[in-house]
Amino acid sequence: MTEDQPTPKTDGGTDSVSSDDVALDPWGSSTIEDYRKLFEQFGIEEFDAEEVPDPHYLMRRGAIFGHREYGRVVEAMADDEPFAALSGFMPTGDPHIGHKLVFDELIWHQEQGGEVYGLIADLEAHSARGMSWDEIDEHARSYLLSLIALGFDVEDGELYRQSDNRVLQDLAFEIGSTTNFSEFEAIYGFGGETNVSHMQSVVTQLADILYPQLDEPMPTVIPVGPDQDPHVRFARDAAARMRYFKVTEAFASFELDDEERALFRELYDALAADDGVDTDDLRCEDAAERLLAFVNDPSTAIDADPATRDSLVEKLENGGKEPIRPRVRFLDRNANEAAFDALIEAIPGEKRRYDAHIDSFDLDPAAAEEIAREVEIEHDGYGFQAPSSIYHRFMTGLTGGKMSSSIPASHISLLDDPEDGYDKVKSAATGGRATAEEQRELGGKPDECPVYELYAYLLAESDDEFAARVYEECAGGERLCGGCKEQAAELMQEFLAEHQEKREEAKEVLDGVDIDLDSDRRGLGGQEEEDAV
Ligand code: TRP
Ligand code: SF4
């Protein structure tokens, strides 16, 4: 993956977003060599369990490693405000222990009081993976049984499949009119050979991500693997684009770009803190002069990009004698005239109307945001908030490499016979040394051990003390792989047996859910993945 051009894959996906990078490909193979790179290259933020009240064990143990703006959701949770969580599953095979991570994340958010949605990405499975509708129905049922067996409350949450959710498809259609093919090319490496339904399944996923906000905009978290981040970013962008108004900060009648605005804010705060300056008396041309003096003065610590400085100085000079007055600005993005007029009415205090924006002098940005959203919703807009996300690590395959559904020994299906589960763990790769003697002397390497990962992500459940004990005993050389695997294998066997019993009980619950798992649909079916372009 070092070539400059992304390599188109047969399903229209791409191997790599740019050269020499970590790949984030929703339809590619999901191994991530270096999770840290995701922070630098894609702006995913590092997850800190300490910021979450009563965090889930997957958070505490670093299985959830990254996020985008999860703080909004945490805040809502802490303040007892509404929030939502949603994730989706492509019904391409049997649910396995990797999916269990996401099931558990959804269930936890439900327990914390969130509105939780689980969806079957059947349009995606059909168009991007070439699954027949019969196969999809069968797998969909199986995913839902496991989700319910693990504790999803169907009375409290919503389960749906993409293909029969009309409201979702209307939203997808709307989102589709704000996106275009060039973006699909840039984000996913789609090209002329990509099938049109695959593109439709992408706008459907963007709609999934915003769906929880249809009744009321609210903080929403999407728990997924990092391969889904391109969809999350795209959905965040779509949410912003569909807003009627953009609320920004301004200082005079003219517009500044983001960098200029940040630099001006710095200057303004410095001037306001300076007793010798009366900011109420400041005019644009004075500010230009001050700015030049500031950035040239090594003691002020304003470190401006020269291009930003020059363009800002020019704008300020052109502003001449216009007074500097901080204000909140509402930019018209998609508003119709009625909404624009209603916004003016709704703004309290001093305000000024321009062609495509309104300035308000007595509002703080948060209050302004709220007014803009209310007016938008009253005028048939959505008022979406940017969705948040959390990312979990992919589990290592039991055979050492990646966990892959095409290598049965590498993963454990939630439908595996408990004895097969036992056997798979018994023959798993470990982070152990060549001999018992060496292990006692040097200790094992739990950080490189798929069996330790099973303990941490699944078998120890919420018992931190147990997980820590396995880790320490291993690293300290007191634990040997034979006994360690035996213990893990027994726990796995128990887990599978119990889970499968609960799946039986879940059947009745699922029968009571309003979801059609006999789609009786005509269509193309069962072709090889290569054909599904
Ligand atoms: N694309 C996801 C996958 O490959 C499935 C999916 C569809 C999804 N819609 C979603 C995931 C919305 C999270 C949120 O498994
Ligand atoms: Fe892995 Fe257990 Fe062996 Fe440690 S003792 S390397 S955790 S199997």
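Conventions used here
Throughout this document, residue positions are counted from 1 along each chain, in the order its sequence is written. The lettering of chains begins at A and the numbering of ligands begins at 1, in the order of writing. Local features in this predicted model are restricted to residues whose pLDDT is 70 or higher, and side-chain atom pairs enter the listing and the counts only when it is 80 or higher, whereas totals over whole chains, interfaces and linings include all residues. Derived side-chain values reflect all non-hydrogen atoms in the structure, with water molecules and hydrogen atoms excluded from consideration. UniProt positions are given in the numbering used here, feature names are shortened, and annotations may be inferred rather than shown by experiment. Helix numbers and strand numbers start at the N terminus; a helix is a DSSP run of H or I with at least 4 residues, a strand a run of E with at least 2. Between buried and exposed lies partly exposed: a residue is buried under 20% and exposed over 50% of the maximum accessible area for its type, with that area taken using a 1.4 Å probe on protein chains only. It suffices for a single heavy atom of a residue to lie within 4 Å of a molecule or strand for the residue to be listed as near it. What qualifies as a polar contact is a pair of N or O atoms within 3.5 Å, subject to a donor-acceptor requirement within protein and to the restriction that residues adjacent in sequence count only when both atoms come from side chains. Only the protein chains shown count as cover for residues, with accessible areas throughout obtained via the Shrake-Rupley method and a probe of 1.4 Å. Basically, the charged four are Asp, Glu, Lys and Arg, the nonpolar ten are Ala, Val, Leu, Ile, Met, Phe, Trp, Tyr, Cys and Pro, and anything else, Gly included, counts as polar. The arc under discussion is defined with respect to the helix axis, by the directions toward the C-beta atoms. Residues count as neighbours in contact if any of their non-hydrogen atoms are within 4.5 Å of one another.

In the annotation of an unreviewed UniProt entry, the entry for the protein reads Tryptophan--tRNA ligase, and the organism field reads Halolamina pelagica. Per UniProt, the protein has the following entry under Sequence similarities (unreviewed entry): "Belongs to the class-I aminoacyl-tRNA synthetase family." Turning to the protein, the UniProt annotation filed under Catalytic activity (unreviewed entry) states: "tRNA(Trp) + L-tryptophan + ATP = L-tryptophyl-tRNA(Trp) + AMP + diphosphate + H(+)".

Participant: I tried to follow unusual backbone geometry on my own but got confused; where do I start?
Facilitator: Of all residues except glycine, most have a negative phi; of all peptide bonds, most are trans. Phi is positive for Asp80, which is not a glycine, with a value near 60 degrees. Position of Asp80 among the secondary structure elements: in the loop between helix 3 (71-78) and strand 3 (84-89). Positive phi values are uncommon outside glycine, yet Asp380 reaches one of about 70 degrees. Here Asp380 lies in the loop between helix 15 (365-378) and strand 11 (388-392). A relative accessible area of 72% places Asp380 in the exposed class.

Participant: What exactly am I supposed to notice about the site of ligand 1 here?
Facilitator: The full set close to ligand 1 counts 14 residues, and Gly88, Glu124, Gln205, Asp208 and Gln228 are the nearest of them. Glu124 places a polar side-chain atom, nitrogen or oxygen, 2.8 Å from a nitrogen atom of ligand 1. The separation between a nitrogen atom of ligand 1 and a polar side-chain atom of Gln228 is 2.9 Å. When isolated, ligand 1 has an accessible area of 370 Å², and the protein chains bury 91% of it. Breaking the shell around ligand 1 down by element, the ones donating at least two residues are strand 3, helix 9 (196-210) and strand 6 (220-224). Tallied by class, residues from the shell around ligand 1 come to seven nonpolar, five polar and two charged.

Participant: What is the right way to read the environment of Ala270 from this model?
Facilitator: Examined against the element boundaries, Ala270 turns out to sit in helix 11 (residues 258-273). The class of Ala270 is partly exposed, set by a relative accessible area of 25%. In this structure, the C-alpha to C-alpha distance between Ala270 and Pro53, residues 217 residues apart in sequence, is 37 Å.

Participant: Sorry, what's going on with the UniProt feature "short sequence motif: 'HIGH' region" (unreviewed entry) in the protein here?
Facilitator: UniProt marks residues 91-99 with the feature "short sequence motif: 'HIGH' region" (unreviewed entry), using the numbering shown here. Each end of residues 91-99 is marked by a C-alpha atom, and these two atoms are 11 Å apart; helix forms 33% of the span and strand 0%.

Participant: For this particular structure, what's the right way to read helix 3?
Facilitator: Three- or four-residue spacings in an α-helix give side chains the same orientation, since the helix completes a turn every 3.6 residues. Inspection of helix 3 places Val73, Val74, Ala76 and Met77 among the buried residues, and these make up the whole buried set. Seen along its axis, helix 3 keeps its buried residues to an arc of 160 degrees; they face one direction. Opposite the buried face of helix 3, by more than 90 degrees, sit the exposed residues Glu75 and Ala78. The inward-facing, buried residues of helix 3 contact helix 4 (97-111), strand 6 and strand 11. Just past helix 3, the residue Asp80 takes up positive phi, approximately 60 degrees.

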